[in-house]
Amino acid sequence: MSQSVDLARAQQRFARRQRLVRWRSWLPWAIGGGLVVLAGLIVWLFYFSSAFAVSGVRISGADTVPVATIEQTAAAPIGTPLANVDLRAIADRVRTIPAVADAQVTRAWPRKIVIVVTERVPVVVVTDGSRFELVDATGTSYRTVPDRPAGLPEAKITGVRRDVTVHSVVTVSAALPESLRTRVGSITATSPDSITLNLSSGVKVVWGSSDDSARKAGILSVLMKRDAKVYDVSAPDLPVTKGEKR
């Protein structure tokens, strides 16, 4: 009787060990299957369901450019799962707005797109006598306004190489110290090599080309310690003043 009981117990222990072995052999497969299901659920949730679909756009950095213009140009795909949105394409579209220098687009979970724009900053206003074009530090003309904006040098540009001349004028304007830039009433240029600054006081500065503009600006600051009607720094090695007061 005792032997049969021991045998039965041994058989039970053996059966439990066998079940445990089978369970341990299937456990990795069960965990792997569960992870696959979970991954599939996550993919479906973020890429195919409407749970995280785009519901709107947040825009910052816009000052002169209307927010409505940015929204229309961005053409954010409302209703599309946020994970599927092509952020680079949206940024490229926003950058086509003339007054926008750059645009950065990011996702704001769970359902928003954020657009941060950097607007162009005018450094000079170019005119042909009938209209005024705002030009930024890259030489890009991005907006035409009916009246001359205050606080910007006015550039009167003539000649056939207009774009190159505009870039040269911008280079010169950027090289001027703030104390001098605010005194510039207008800039005249018939070519990239023939730039003249006309100060509000009636004094003229013959600049020549935009080459060595930083050096010319330094030389001019020294020359202007003398009272004169014309300062010529077009040849910085041989600067000239004319009409000096005695």
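Each value, and the rule that gives it
- Residues numbered from 1 in each chain as written.
- Predicted model: local features only at pLDDT ≥ 70, side-chain atom pairs only at ≥ 80, totals over all residues.
- Heavy atoms only, no water.
- UniProt positions renumbered as here; feature names shortened; annotations may be inferred.
- Helix = DSSP H or I, 4+ residues; strand = E, 2+ residues; numbered from the N terminus.
- Buried < 20%, exposed > 50% of the residue type's maximum accessible area, 1.4 Å probe, protein only.
- Contact = heavy atoms within 4.5 Å.
- Polar contact = N/O pair within 3.5 Å; in protein donor to acceptor, adjacent residues only side chain to side chain.
- Phe/Tyr/Trp six-rings, centres within 6.5 Å; stacked < 30°, edge-to-face > 60°.
- Patch = residues over 30% accessible without salt bridge, like charges linked within 9 Å, V, L, I, M, F, W, Y side chains within 5 Å.
- Areas by Shrake-Rupley, 256 points an atom, 1.4 Å probe, with all protein chains shown as cover.
- Salt bridge = Lys/Arg side-chain N within 4 Å of Asp/Glu carboxyl O.

With an unreviewed UniProt entry as reference, the protein chain is termed Cell division protein FtsQ, source organism Kribbella aluminosa. Within the UniProt record for the protein chain, the comment given under Subcellular location (unreviewed entry) is "Membrane".

**Overview of the environment of arginine 148**
As for its position among the elements, arginine 148 is in the loop between strand S6 (141-145) and strand S7 (154-157). Note on arginine 148: relative accessible area 36%, which makes it partly exposed. Not counting residues up to four positions away in its chain, the partners in contact with arginine 148 are Val125, Phe132, Pro153, Glu154, Val184 and Gly185. A polar atom in the side chain of arginine 148 sits 2.8 Å from the backbone oxygen of leucine 152. Side-chain polar atoms of arginine 148 contact the backbone oxygen of glycine 185, separated by 3.0 Å.

**Remarks on the packing of aromatic side chains**
By the definition in use, this model includes 1 aromatic pair. Taking 6.1 Å as the distance between ring centres and 80° as the angle between the ring planes, the aromatic pair formed by phenylalanine 52 and tryptophan 109 counts as edge-to-face. Taken together, the residues phenylalanine 52 in the loop between helix H1 (2-47) and strand S1 (56-60) and tryptophan 109 in the loop between strand S2 (100-108) and strand S3 (112-119) connect sequence positions 57 residues apart. For tryptophan 109, a relative accessible area of 45% translates into the label partly exposed.

**A few points about a nonpolar patch on the surface**
Side chains of Trp44, Tyr47 and Phe48 sit close together on the surface and give an oily, nonpolar patch of about 380 Å² of accessible area. Structurally, the position occupied by phenylalanine 48 is in the loop between H1 and S1.

**Focus on the environment of arginine 183**
Note that arginine 183 resides in the loop between helix H5 (178-181) and strand S8 (184-189). Taking relative accessible area as the criterion, arginine 183 reaches 40% and is therefore assigned partly exposed. Arginine 183 sits 30 residues away from proline 153 along the chain, and the two C-alpha atoms are 8.6 Å apart. Beyond its immediate sequence surroundings of up to four residues, arginine 183 is in contact with Leu199, Ser200 and Met224.

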